[in-house]
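Report on the structure
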Amino acid sequence: MEAEVGDELVALEPEAGLCFGFNGVAANVWNQLSAPQSFDEIRSRLLAEYDVDEGQCTTELEELLDQFVEKGLVRCTNG
């Protein structure tokens, strides 16, 4: 379950008793992941939408996706 609260997104996993809060950028990434996306596709959209340099975007996106994987919110596949 998920709900927008202002410019943030709250996602709940009631069976596991987990709650996740995403700021605007994280919510943007989360919404992009509703369909399989490559890292480069996500980064390109973020670079087009936000005023951020490519190096910072790459680093922060890697960290965010690592957190999503660590929390079991997404799976990473190669190929």
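Just so we're clear, the structure is a prediction, and the values are computed from it rather than from any experiment. (Residues numbered from 1 in each chain as written. Predicted model: local features only at pLDDT ≥ 70, side-chain atom pairs only at ≥ 80, totals over all residues. Heavy atoms only, no water.)

Some details on the packing of helix α1 (residues 24–32) against helix α3 (residues 54–70)
As a reminder, the rule being used: All axes are obtained by fitting lines to C-alpha atoms, using only the stretch in contact for helices, and the reported angles, taken between N-to-C directions, cover 0 to 180 degrees. Going along the chain from the N terminus, every DSSP run of H or I of four or more residues is numbered as a helix, and every run of E of two or more is numbered as a strand. Two helices that cross are described as forming a left-handed crossing if the nearer one is turned anticlockwise from the farther one by less than a right angle, and a right-handed crossing if clockwise. Contacts between residues were defined by any pair of non-hydrogen atoms, one from each residue, lying within 4.5 Å. Basically, the charged four are Asp, Glu, Lys and Arg, the nonpolar ten are Ala, Val, Leu, Ile, Met, Phe, Trp, Tyr, Cys and Pro, and anything else, Gly included, counts as polar.
At a minimum axis separation of 11 Å, α1 and α3 run at an interaxial angle of 65 degrees. Relative to α3, α1 is oriented so that their crossing is right-handed. Note on element contacts: α3 touches α1 through Leu-61, Leu-64, Leu-65 and Phe-68, opposite Ala-26, Val-29 and Trp-30. Classifying every residue of the contact of α1 with α3 gives seven nonpolar, no polar and no charged.

Overview of the confidence of the model for the protein chain
The predicted coordinates should not be examined in detail at positions where pLDDT is low. How we decide: Every residue is assigned a pLDDT by the predictor, reflecting its confidence on a scale from 0 to 100.
Residues of the protein chain with pLDDT of at least 70 account for 99%, and the chain-wide mean is 88. In the model of the protein chain, strand β2 (residues 8–13) stands out as the element of lowest mean pLDDT, 79, in contrast to helix α2 (residues 39–49), which has the highest, 96.

Quick word on the packing of α2 against α3
The following threshold applies: In this scheme, roughly parallel covers angles under 35 degrees and roughly antiparallel covers those over 145, while 65 to 115 is roughly perpendicular and the rest are oblique.
The N-to-C vectors of α2 and α3 enclose an angle of 125 degrees; their axes lie 10 Å apart at closest approach. The angle between α2 and α3 places the two elements in the oblique class. The chirality of how α2 crosses α3 is right-handed. Contact residues: α2 offers Phe-39, Ile-42, Arg-43, Leu-46 and Leu-47, while α3 offers Glu-54, Cys-57, Thr-58, Leu-61, Glu-62 and Leu-65. Classifying every residue of the contact of α2 with α3 by side-chain character gives seven nonpolar, one polar and three charged.

A closer look at the side chain of Gln-32
Definition in use: Polar contact is the term for a pair of N or O atoms within 3.5 Å; when the atoms are in protein, one must be able to donate a hydrogen and the other to accept it, and sequence-neighboring residues count only if both atoms are side-chain atoms.
Here Gln-32 shows up in helix α1. In this structure the side chain of Gln-32 is engaged in a polar contact, spanning 3.3 Å, whose partner is the side chain of Arg-45. Each residue touching Gln-32, except ones within four places of it in the same chain, is listed here: Gln-37, Glu-41, Ile-42, Arg-45 and Leu-46.

Let's talk about the packing of aromatic side chains
Given two aromatic rings, one states the distance between the centres and the angle between the planes to describe the pair. Note the threshold: Geometry of aromatic contacts follows a simple scheme: Phe, Tyr and Trp rings, the Trp one being its six-membered ring, pair when their centres are within 6.5 Å, and the pair is stacked under 30 degrees between planes, edge-to-face over 60, tilted otherwise.
Under the defined criterion, the tally for this structure stands at three aromatic pairs. A connected cluster of aromatic rings, assembled from ring pairs, spans Phe-22, Trp-30 and Phe-68.

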